[in-house]
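# Descriptive analysis of the structure
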Amino acid sequence: MKKSTAYYLQVRPKIPERLARLEVLANNLWYGWDIPTRRLFARLHPGLWNATGHSPKAFLKRVDEKILLDAAADEVFIGNFNRVLADYDTYHNAPPANSCQRDGLCSEDLIAYFCAEFGLHESFPIYSGGLGILAGDHCKAASDLRLPFIGVGLLYRQGYFQQTIDGDGNQIATNRDSSFDDLPVTPALRADGSEAYTSVDFPGRTVHIKIWQAQVGNIRLYLMDTDLEINNEHDRDITHRLYGGDKVMRIEQEIVLGIGGVRALQELGLKPTVWHINEGHAAFMILERIRQSIGEVGFDFETALESEAANTIFTTHTPVPAGHDHFDDGMIRAYFEHYYQAIQLNHDRFMALGRSAECSDFNMTALALRGSRFHNGVSRIHGAVSSRICGDMWPEVEPQENPMTYVTNGVHAPTFLSTEWAEVFERYLGSEWNARMTDPNIWNGITDIPDHAFWSVHQTLKVKMLNMVRDRIRAQHLRNHASEAHLDRMLKYVNPENPNVLTVGFARRFATYKRATMLFAHLDWLREILHNPERPVVFIFAGKAHPADVPGQDLIRRISEISHMHEFAGKVLLVEGYDLSLSRKLVAGVDVWLNNPLYPLEASGTSGMKAGMNGSINLSVLDGWWGESYDGKNGWAIKPASESLSEEVRTREESRTLYELLQDQVIPLYYDYGKMGFSPNWVKMAKHSMATIIPRFNSKRMVGEYLEKCYLPASRQHTIYGMNGSENARRVAEWKSCVKTAWPGVSIRLTDSIKTEIRYGDSLRFQVAISLNGLGQDDVIVEMLMGFNTKKDQLTSARHYRFTPAGIRTEAGEELFFVELQPEQCGNLEYRIRVYPHHPLLTHPFEMGMMRWL
């Protein structure tokens, strides 16, 4: 018998007029951080809410119309609905933050933030991990501050994969296509109301791009999509999968993101005054902006570069040189040969834009650095690491003085702070706690929260977390045909009815440098720690490894293997399907958050921030953000072993520290219950952890710091460089060309004899002769650094004394410079003298990377 064909029909409910604004709520990602909005949809039909992946838009397409009609007649539901709408309207109609107005952004300013992924909510799967979550938090904080801000990215049909783990610990990656009709996106429109498209040129063809938009609170996110019938099959796949495919797919995605993104904004009539490249994937945007400046304004290449770089910020998140994207000579020629003439470069000069000392390929980080004037890492430690990694961009300047700085990451508190804690803060800190989140003084009030109330909230959140973990473990084991008896043993210590077992969480991407299995370095010692029936401990692991990362998947298999050993069953758990939803539960519910990366490879890390602001206590290697947060009283620190040791030895040494901390401090402190039913000293540490982490490591502080360090100065430089037909950009470009030509012939010598001893208060006069090789006296700064130690690692603490031109030229054509000074310190002082190029319009005094020391 011939099989019949199944046809499908989508029947959408009519939304009652009284509930019409549900669609407004469903189409604004504000729901991603407003819990009452999500609860509103969940109450209508909890099962459907879970089945649709917590997507309000998909939910409204599928919910039964009778449920909506009943809700419209339910005054309790309507009351909750109206409260949500009132909050929505208050948020979106609030005036811009005072700091934004006061600090100089004007109505013409617009910040464009480019990133390859954005993690805003699990219902919008266009992210893979930390970079995307950070970008999402950046957008949310910009919305909270009402900055003139837009995001630019790619709209993937397949975000990062969905994960299951089989009975042998193998990660199974499943990719599912999203229906754009279920996502909170709409086609972006031109001024005339038509849908907006743009295009980019590839070898022998044009790739057409549709522009979509998503509303994220007060800001918009523009996303590019190549899955159009007009494109060939290969090109339709460019934006199909996040980080999918080979090098060809990677360069094509990055061209669409960088070049296509700039053209998309132009198509929409948007004119950013500040451009932010979040990681090197979007660096090709620099080339397109240069091309437009040359073609539309008539600049030469050097002027266009200075004009565009002056208002561009580049944030690097990569702690190792090998992590930067790069493309070989042939690939660059194939994709950009047609571009050379448009930006007035030949192949060699084009390649030079992306070359670095470590790599002859075209390096996207090198391009981003050369095409920007504001550069930062994402923690204090990472900023120092990046200044060394990228130091060849400024070869004569010591790393600690080069233009690389840092802005430590932060997390979006309204997204990751549990409602239960927000309610406690409202009661004990006052209604202004959210507005004053970055004020450390207000957080001193955490000590006023009664210990029993604090512990009660933590236990409530822990119970919710344990319920989710049990559900996932149960589904995972039953799917893998595990026995009920074994399942009971696995779930023994994650019992919501007894949440008094010390629970340690480790959840993040399973990259090898994060050392997920460091806990298992000495199994005998670990057995000793875990086999005290009076003080049980359970470790919960979760996370994904990239499908191409075999060593990362080996870590998952090893954790699975340990979790199935008789002596560790139920004490080591591996939870599959790590996503934002599970992450929010884990960081809010565990007692201790474990992080043990190989120093200094953790650029920042943000999961520990989320855990800390929810009352969990961090136990971490002093790397990334924890290196500047740990104060000896707000958690526990694993001091990194010497970098001169092998990785194996370092891991062995640091695992020993981990065991000692667990055995001697963490476990005894947790179980020091006394008569109160909880440990008062544990609560004291958790309170102090909260009070020190929340005001410093939230995204409002982070974006405010970007505003102060980068966005406002970049906006000012944009204005200054654009004055009088961009005359200042031309001046800087011409001046730099002269300096580059002359600098090899610049030299410095001391003309006076050197004094070795004086009395305090005596004056000194120093004179140097400098061969400027055609440069003027105003083209350089000559200065002395004096202090107790002026060696390379102490440059920033020395006192600086600037020399003055003497107006005298030697017979050899050298210019004389002098300085008179009185040393401000007693003791054995060192001094060093240097000269470097100077122009008043430079963004950073050392951006030329040129310096001569005496």
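These figures come from a predicted structure and were not determined experimentally.

## Re the sheet that holds strand β17 (residues 572–575)
Strand order in the open sheet formed by 6 strands is β17-β16-β15-β18-β19-β20, with parallel pairing between adjacent strands. The outermost strands of the open sheet, each flanked by one partner alone, are β17 and β20 (635–638). Recorded for the sheet is a direction-independent mean angle of 20° between the axes of neighbouring strands. In this sheet, strand β19 (residues 617–621) lies alongside strand β18 (residues 592–595) in parallel orientation, the contact comprising 4 bridges. Paired with N595 across the bridge in β19 is S620.

## Section: helix α11 (residues 285–297)
Here α11 spans 17 Å end to end across 13 residues, near enough to the 18 Å set by a 1.5 Å rise per residue. When we look at burial in α11, the residues that qualify are M285, I286, L287, E288, R289, I290, Q292, S293 and I294. Once α11 finishes, G298 follows within two positions and takes phi at roughly 90°, a positive value.

## Here we look at unusual backbone geometry
With an omega of 0°, the peptide bond between Y599 and P600 qualifies as cis. Within the secondary structure, P600 is located in the loop between β18 and α24 (607–613). Of note, H54 is a non-glycine position whose phi angle comes to about 60°, a positive value. Accessibility expressed as a relative area gives 18% for H54, which makes it buried.

## Side note on the packing of helix α12 (residues 301–309) against helix α29 (residues 723–742)
When two helices pack together, their arrangement is given by the angle between the helix axes and by the axis-to-axis distance. One can describe the packing of α12 onto α29 by two numbers: an axis separation of 8 Å at closest approach and a directional angle of 115°. Crossing handedness for the pair α12 and α29: right-handed. Packed against α12, whose contacting residues are E302, T303, E306 and S307, the element α29 presents A729, R730, V732, A733 and K736 at the interface. Residue composition of the contact of α12 with α29, by class: 3 nonpolar, 2 polar and 4 charged.

## Structural notes on the side chain of K57
Tracing the chain through its elements places K57 in helix α4 (residues 56–62). Here K57 is buried and forms no salt bridge, its nearest opposite-charge partner D181 lying at an N-O distance of 4.9 Å. Here the side chain of K57 touches L183 through a polar contact of 2.9 Å, landing on its backbone oxygen.

## Some words on the state of the cysteines
Evaluation of the coordinates by the stated rule reveals 0 disulfides. In this structure C390 is a free cysteine whose sulfur lies 13 Å from that of C359, the closest cysteine sulfur available.

Scoring rules and cut-offs
- Residues numbered from 1 in each chain as written.
- Predicted model: local features only at pLDDT ≥ 70, side-chain atom pairs only at ≥ 80, totals over all residues.
- Heavy atoms only, no water.
- Pairing = 2+ DSSP bridges.
- Helix = DSSP H or I, 4+ residues; strand = E, 2+ residues; numbered from the N terminus.
- Axes fitted to C-alpha atoms, helices over the stretch in contact; angles between N-to-C directions.
- Expected span 1.5 Å × (residues − 1).
- Buried < 20%, exposed > 50% of the residue type's maximum accessible area, 1.4 Å probe, protein only.
- Left-handed = near helix turned anticlockwise from the far one by under 90°.
- Contact = heavy atoms within 4.5 Å.
- Nonpolar A, V, L, I, M, F, W, Y, C, P; charged D, E, K, R; others polar.
- Lys, Arg positive; Asp, Glu negative; His and termini not counted.
- Salt bridge = Lys/Arg side-chain N within 4 Å of Asp/Glu carboxyl O.
- Polar contact = N/O pair within 3.5 Å; in protein donor to acceptor, adjacent residues only side chain to side chain.
- Disulfide = S-S within 2.5 Å.

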